[in-house]
Amino acid sequence: MGNSLKAVVAFVPSDECQKYLLEDLEEMPVDKMVDLSGRQLRRLPLHICSFRELVKLYLSDNNLNHLPPELEQLQNLQILALDFNNFKALPLVVCTLKQLCILYLGNNKLCSLPLELRLLQNLKTLWIESNCLQYLPEVVCELSLLKTLHAGSNALRALPAQLRCLQELRTIWLSGNLLAEFPPVLLDMPFLEVIDVDRNSIRFFPSLAHLPGLKLVIYDHNPCRNAPKVAKGVRRVGRWSEETPEPRKRSGAVIEIAFDEIPSPPLAAKLEPE
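What counts, and at which threshold
Residues numbered from 1 in each chain as written. Predicted model: local features only at pLDDT ≥ 70, side-chain atom pairs only at ≥ 80, totals over all residues. Heavy atoms only, no water. Helix = DSSP H or I, 4+ residues; strand = E, 2+ residues; numbered from the N terminus. pLDDT = per-residue confidence, 0-100. Contact = heavy atoms within 4.5 Å. Phe/Tyr/Trp six-rings, centres within 6.5 Å; stacked < 30°, edge-to-face > 60°. Buried < 20%, exposed > 50% of the residue type's maximum accessible area, 1.4 Å probe, protein only. Pairing = 2+ DSSP bridges. Axes fitted to C-alpha atoms, helices over the stretch in contact; angles between N-to-C directions.

Undergrad: Would you mind going over unusual backbone geometry with me for this structure?
TA: Excluding glycine, most residues fall at negative phi; most peptide bonds, likewise, are trans. Despite not being glycine, K32 has its phi angle at roughly 60°, a positive value. As for its position among the elements, K32 is in the loop between α2 (15-22) and β1 (33-35). One non-glycine residue, S153, adopts positive backbone phi at about 55°. In this structure, S153 sits in the loop between β6 (148-150) and β7 (171-173).

Shown next, in the form of structure tokens:
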């Protein structure tokens, strides 16, 4: 079905038209996954909410701006992708899905997150990149099991001090924001493994050599006058990154960044919960 035809049919709320968009998805899939990405949907078909054993639901790249309260029936859901839609606020029904491990909210129009997000205590991965956030909502700091936070391409100028409470956090992506200084709270998070502050406005980098867990720091495209000092073996991406803190080896080996260490924003990415 062509995208133009899908777009026309999506405006018609009849059951027949919605069935046409879903391409006869009437029964619970054996793999417990439903992928409705790119279907031009303007509302979630209610019968999807009857698939109570569903584990993965991908709704990326649609025209959704709300979700039905019946979504609460999906209490086994672990992965929910809502990226590339038209959400101006996170539907509160999402916060009732307490088994969620991975939540994609990127490329929407979110300016905040509800306090009810704290109910998602199993959440390990949160993508909120490419929204309208001027500050990182403090409720994120209450997600105690969070391991990966992608908040790039917003308008963040600082990070809350409470972020240090996330002792399971290993990866934080902050590229494309408005940070004028390296967030001080990150200096108190020795468990971080990946820090990305690419494309900000940071003019000076403090030493990161005291962070024992650090493996990779990306600081390119900042107006900085120095490279962050790091411990031996830590990889850097940015100006003067070739000036490693340890003595140069005569072999001339070049530090490379493996592609699998820098994930790109997902469009219905099929990640498995850890």
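Alright, that's what it looks like, and here's the rest.
Undergrad: What am I meant to see in the confidence of the model for the protein here?
TA: Low pLDDT marks regions whose predicted coordinates should not be analysed in detail. Residue-level pLDDT values for the protein average 86, and 79% of them are 70 or greater. Contacts for the low-pLDDT stretch residues 4-12, under 50 throughout, to residues beyond four places or in other chains number 17 contacts. In the predicted structure, residues 244-263 sits below a pLDDT of 50 and forms 24 contacts with residues beyond four places in sequence or in another chain.

Undergrad: In this structure, what is going on with the packing of aromatic side chains? I would like to understand it.
TA: In the structure shown here, the tally under the stated rule is 3 aromatic pairs. Between F205 and Y219, the ring centres sit 5.4 Å apart and the planes meet at 65°, which makes this aromatic pair edge-to-face. Here the residue F205 occupies a position in the loop between β8 (194-196) and β9 (216-218), and Y219 occupies one in the loop between β9 and β10 (235-237), the gap between them amounting to 14 residues. Residue F205 is classed as buried on the basis of its relative accessible area, which comes to 2%. Since its relative accessible area comes to 0%, Y219 is described here as buried. Of the aromatic side chains, those joined through ring pairs into one cluster are F182, F205 and Y219.

Undergrad: For this particular structure, what's the right way to read the side chain of N226?
TA: As for its position among the elements, N226 is in the loop between β9 and β10. We classify N226 as buried; its relative accessible area is 19%.

Undergrad: Looking at this structure, I do not really get the sheet that holds β7. What am I missing?
TA: Two pairing modes exist for strands in a sheet, parallel and antiparallel, and in both the strands are linked by backbone hydrogen bonds. Reading across from one edge, β1-β2-β3-β4-β5-β6-β7-β8-β9-β10 is the order of the 10 strands in this open sheet, with parallel pairing throughout. Edge positions in the open sheet fall to β1 and β10, since each of these has one partner strand only. Direction aside, the axes of adjacent strands within the sheet are offset by 5° on average. With 3 bridges joining them, β8 and β9 adopt parallel strand pairing. Across the sheet, V194 pairs through a bridge with L216, a residue of β9.

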